[in-house]
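Chain by chain, the residues run as shown.
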Amino acid sequence: MREDEVALAYGGGWVDRAGALRADPDRLATLLGAAAARVLPLWQDRCLVNDVVPVRLSGEVAARVRAAAAETVFLGFVAGQAVFAVDLSELTEDAALAAAGATRVVDVRGLVGRLGPAEAALQAYARGLLHWHRQQRYCGTCGGATSVQDAGHARRCAEPNCARLYFPRIEPAIIVLVEAAGSPGRCLLARHAGAAEDAFSTLAGFVEVGETLEDAVRREVAEEAGVVVTDVAYQGSQAWPFPAGLMVGFRAVAESDEIRVDGVELLEGRWFTRAELRQWAAVGHRLGRPDSIGHHLLSGWLAEGEAAGSAPR
Ligand SMILES: [Zn+2]
């Protein structure tokens, strides 16, 4: 990654995934048996931590924890060190804590700002991969049991007549900052069902079968806010393995100002100028989760206004 590229939380290519090794069980066994190997345990999608430091096990403790887990998956190399992950979800919370020598379990998103970007990305990667293994125990075609393949990056149906291969599932979703045409610059934010009264955020939704990402942007904004958009432009993406998301960020331009929220997904939609948005944030309202691409899209839009004075984009 170049220095001027922005890595959003939970991604950024910090791990050398060493994909070629996944088909080399002998080499992996050697790596796993080496003193330098580290094993990262998770419990029901959560990190096992001491205070706010996720535990990473080695030696005999790692071997004991691996024996208590269903399977061990290979994540890759971090700073030259082979890192594996195990899922202790089948133990009780107390048993998992005791086995790993940890004091508590916490979701990686609850450690925002406390973990370095590489650690946050590694924990999210392990979380998403182990979650998928728990969901793919059985074959969707014949109902047979599946077993781990490729060091944890696939599963295969054990029924000889089927043998269907499964890969970790990723569910893409779009998130879009919709701008009004003309001056002054305004963006469309909405209050989502279930969100707090003052929580306005960008529009988002899952990509459906047979859609491009751009199709999904146009459809979601039309369906949820009644706004027709053009000039759909890619802004970046964010790994969001909670449990299986990939957030793909866009900007788009509205053809008209009228907003008609669907009343189901969105309860209220509103245009904000940059000054209004700054005012909104200044009185304590948050602009989405600070670790999210939605926040990144909004802060980028605000910063652009600062760079350009009051000129429209
Ligand atoms: Zn099958």
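Since the structure is predicted, the reported quantities are computational estimates derived from the model, not experimental observations.

(A) Structural context of the domain arrangement of the protein. Per the domain assignment, the segments of the protein are domain 1 (19-134), domain 2 (136-168) and domain 3 (171-308). When each unit is reduced to the centre of its C-alpha atoms, the spacing between domain 2 and domain 3 is 38 Å.

(B) Here's a closer look at the packing of aromatic side chains. One pass over the structure, following the stated rule, counts nine aromatic pairs. With centroids separated by 4.9 Å and ring planes inclined at 80 degrees, the aromatic side chains of Tyr 10 and Phe 242 adopt a geometry described as edge-to-face. Of the two residues, Tyr 10 sits in the segment before helix H1 (25-33) while Phe 242 sits in the loop between strand E14 (229-240) and strand E15 (245-254), which places them 232 residues apart along the sequence. Accessibility assignment for this pair places Tyr 10 and Phe 242 in one class, buried. By way of ring pairs, the aromatic residues Tyr 10, Trp 240 and Phe 242 are connected into one cluster. A cation over an aromatic ring shows up here: Arg 186 above the ring of Trp 271, its NZ or CZ 5.5 Å from the ring centre. We note Arg 274 situated over the ring of Trp 301; from NZ or CZ to the ring centre the distance is 4.1 Å.

(C) Molecular detail of the coordination of the zinc ion. Within the protein, the zinc ion binds to Cys 139 (SG), Cys 142 (SG), Cys 157 (SG) and Cys 162 (SG); these donor distances fall in the range 2.3 to 2.4 Å. Geometry at the zinc ion is tetrahedral, judged from the four donor atoms that bind it and their angles of 95 to 116 degrees at the metal. Donor residues for the zinc ion, ordered by position in the chain, follow C-x2-C-x14-C-x4-C. Within this pair, whereas Cys 142 is found in the loop between helix H4 (117-135) and strand E7 (146-149), its partner Cys 162 is found in the loop between strand E8 (154-157) and strand E9 (165-166), the two being separated by 20 residues in sequence. For Cys 162, a relative accessible area of 25% corresponds to the partly exposed category.

Rules used in this analysis
- Sequence order sets the numbering: in each chain, residues are counted from 1 along the sequence as written.
- Per-residue local features of the predicted model are confined to residues with pLDDT of at least 70, and side-chain atom pairs are confined, for both listing and counting, to 80 or more; whole-chain, interface and lining totals are unaffected and use all residues.
- Water and hydrogen atoms play no part in the side-chain values, which are based on all heavy atoms of the structure.
- Domain borders in the structure are assigned automatically or taken from a domain database.
- Pairing of aromatic rings covers Phe, Tyr and the six-membered ring of Trp, with a centre-to-centre limit of 6.5 Å; geometry is then stacked below 30 degrees between planes, edge-to-face above 60, and tilted otherwise.
- Strands here are runs of E lasting at least two residues and helices are runs of H or I lasting at least four, both read from the DSSP assignment and numbered beginning at the N terminus.
- A 1.4 Å probe rolled over the protein chains alone gives each residue an accessible area, and that area as a share of the maximum for its type sets the label: buried under 20%, exposed over 50%, partly exposed in between.
- When the NZ atom of lysine or the CZ atom of arginine is within 6 Å of a ring's centre and also within 35 degrees of its normal, the charge is said to sit over that ring.
- The donor set covers N, O and S atoms within 2.8 Å of the metal, switching to 3.2 Å for Na, K and Ca, and it leaves out water, so a site may look short of donors.
- A four-donor site is called tetrahedral if each angle lies between 85 and 135 degrees; a four-donor site is square planar, and a six-donor site octahedral, when trans pairs exceed 155 degrees and the remaining angles lie between 65 and 115; all other cases are labelled irregular.

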